[in-house]
Structure formats: structure tokens, C-alpha cells
Amino acid sequence: MVRVLTLVVMAGLVSACVQKKETTWKVFPLQRNTPHDGLAVVSQPDGYGIHLYLETDTSDPAVCSPRWLPDPARLFNGNGSAPFSSGLAPRAEFLAAVKRRDVRKTLKQELEALCKLRAPQARWQWLEPPLKASDLMPVSLPALEYPDLLTDPVEEKQREDKLLKED
């Protein structure tokens, strides 16, 4: 009986000493191409999370507002010295992140700074991010114009051959 009681007490002490890994959210700017155009949200204890790509809507030259891209990249090494992103994370993680007040506060700061860089003369207008899947709206981007399109590879090869024969 004493052995059983001792084992129970020892098991209790050992389990009390083992630390439970809790999810601690960490939010920080993580630049993609220019300052303020990305935000890292570490949502898992092993440094995984999402990398939000921040974009602005300047279709009206007088107003600059957020353009929400609900398909974040997967964040790796978010607790380390060199965080990076790759691939695609589920939209559910985006929605879970933007529901948090600390994430929205940092998003607002970063997007306002991005607007000041991209459209300094425009008025900043904050638009709340979509908080549920039914709020997601497809982003309408400008249509491609003819000069934006690539040339036909066959035509390009013929032009190359013609230029090479002329020399």
C-alpha cells in the first residue's frame, strides 16, 4: 500500500513538473517586398503560423484602404531568428487570426503605414477584415490589357530566327 501511495505521489510530482506547451500568439511585421507589406502571425508553439500579405486599394486616388487577401502563406520558424513563408495556409487560419484584437490592431498600423508609402496624398480609411467565410468577397483586380500579355512563343521564335538570319 505504501508503494502504491508513493508511486501515485511521484507520478503527481512528475506531471506537475512537465510544462504544458501553450499556444502563444506572436504578431510582428514580416516584409515581403517593401516595408509594411507583410505581417507574421505565430499561432502555434513550434513557430508555425501564417504570413499575411498586405495590400492596399488605391482605385480612388483620394482614398487608400486595405484590400483583404484571405489566402495567407504558411509561416515557418516564427519563433526563430529567420522566419520565412512558403506555400498556402488555410483560410480558416486567416479568419481565426483576424478575429483577434491584437492582430487587427497591428494590421491597422501596418496597412496605414503602407498606404502612406504608396499613396501619401490619399486619405487613410480603415475597413474591417472579413471575420467569417461568408464575408469573403472575391477581389476584383484590374483587367489585363494587351501590352500586359505575353507574346505567342511561336511568333517570338520566328522573330528570333529572322533576326539571326539577317546577321
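Above this text sits the structure in question.
Residues numbered from 1 in each chain as written. Predicted model: local features only at pLDDT ≥ 70, side-chain atom pairs only at ≥ 80, totals over all residues. Heavy atoms only, no water.

Engineer: Pulling in residues and values, what's your account of the overall build of the chain?
Structural biologist: Looking only at helices and strands, one finds four helices and eight strands in the chain. The secondary structure elements of the chain, listed N-terminal to C-terminal, are α-β-β-β-β-β-β-β-α-α-β-α. For the chain, with 167 residues in total, the buried portion stands at 28%. Within the chain, residue pairs in contact and separated by at least 24 positions form 54% of the contacts whose partners lie at least 6 positions apart. (Helix = DSSP H or I, 4+ residues; strand = E, 2+ residues; numbered from the N terminus. Buried < 20%, exposed > 50% of the residue type's maximum accessible area, 1.4 Å probe, protein only. Contact = heavy atoms within 4.5 Å.)

Engineer: Account for the sheet that holds strand β6 (residues 73-76), with residues named and values stated.
Structural biologist: Through backbone hydrogen bonds, the strands of a sheet pair up, either in parallel or in antiparallel fashion. Pairing is antiparallel across the open sheet formed by five strands, whose spatial order is β1-β2-β3-β6-β7. At either margin of the open sheet sits one strand with a lone partner, and together these are β1 (26-29) and β7 (84-86). In this sheet, neighbouring strand axes are inclined to one another by 30 degrees on average, regardless of whether the strands run parallel or antiparallel. The strands touched by helix α3 (residues 101-118) are β1, β2 (38-42) and β3 (49-53); relative to β2, the strand with the most contacts, the crossing angle is about 165 degrees. (Pairing = 2+ DSSP bridges. Axes fitted to C-alpha atoms, helices over the stretch in contact; angles between N-to-C directions.)

Engineer: Account for the sheet that holds strand β4 (residues 55-57), with residues named and values stated.
Structural biologist: With mixed pairing, the three strands of this open sheet are ordered in space as β4-β5-β8. Looking at the sheet topology across the chains shown, the edges are occupied by β4 and β8 (123-124). Note that strand β5 (residues 63-67) and β8 share two bridges and pair parallel. Opposite V63, over in β8, you have R123 as the bridge partner. Relative to β4, α3 is tilted by about 60 degrees, and along the sheet it contacts β4, β5 and β8.

Engineer: So what's going on with unusual backbone geometry? Which residues, and what values?
Structural biologist: Notably, H36 is not glycine yet its phi reads approximately 70 degrees, a positive angle. Among the structural elements, H36 can be located in the loop between β1 and β2. Although it is not a glycine, N77 adopts a positive phi angle of roughly 60 degrees. Relative to the elements of secondary structure, N77 occurs in the loop between β6 and β7.

Engineer: Help me get a handle on the state of the cysteines, residues and values and all.
Structural biologist: In total, this model carries one disulfide according to the counting rule given. Linked covalently through their sulfurs, C64 and C115 form a disulfide whose S-S length is 1.8 Å. Note on the C64 and C115 pair: the S-S dihedral is about -80 degrees, so by sign convention the disulfide is left-handed. Of this pair, C64 sits in strand β5 while C115 sits in helix α3, and the two are 51 residues apart along the sequence. Here C64 and C115 have matching classes, each one buried. (Disulfide = S-S within 2.5 Å.)

Engineer: Could you give an account of the environment of Q31, with specific residues and numbers?
Structural biologist: Checked against the element boundaries, Q31 lands in the loop between β1 and β2. Overall, Q31 belongs to the partly exposed group, its relative accessible area being 49%. Spatially, the C-alpha atoms of Q31 and L54 are 9.5 Å apart, while their sequence positions differ by 23 residues.

Engineer: Pulling in residues and values, what's your account of the environment of R32?
Structural biologist: Note on placement: R32 falls in the loop between β1 and β2. Using a relative accessible area of 26% as the deciding quantity, one classes R32 as partly exposed. Expressed as a C-alpha distance, the spacing of R32 and Y53, which sit 21 residues apart in the sequence, is 7.7 Å. Ignoring any residue separated from it by four or fewer positions in sequence, one finds R32 in contact with D37, H51, Y53, L54 and E55. A distance of 3.2 Å separates polar atoms of two side chains, one belonging to R32 and the other to E55. (Polar contact = N/O pair within 3.5 Å; in protein donor to acceptor, adjacent residues only side chain to side chain.)

Engineer: I'd like a rundown of the nonpolar core, residues and numbers included.
Structural biologist: Of all hydrophobic cores here, the largest spans 22 residues; its most connected members are L52, L54, L107 and L111. Contributions of two or more residues to this core are made by β2, β3, α2 (91-98) and α3. When residues no more than four places from it in sequence are discounted, the contact partners of L54 are R32, H36, D37, G38, L39, L107, E110, L111 and L114. L30, A40, V42 and L75 belong to the second largest nonpolar core, which has five residues in total. (Core = buried A, V, L, I, M, F, W, Y, C linked by side-chain atoms within 4.5 Å.)

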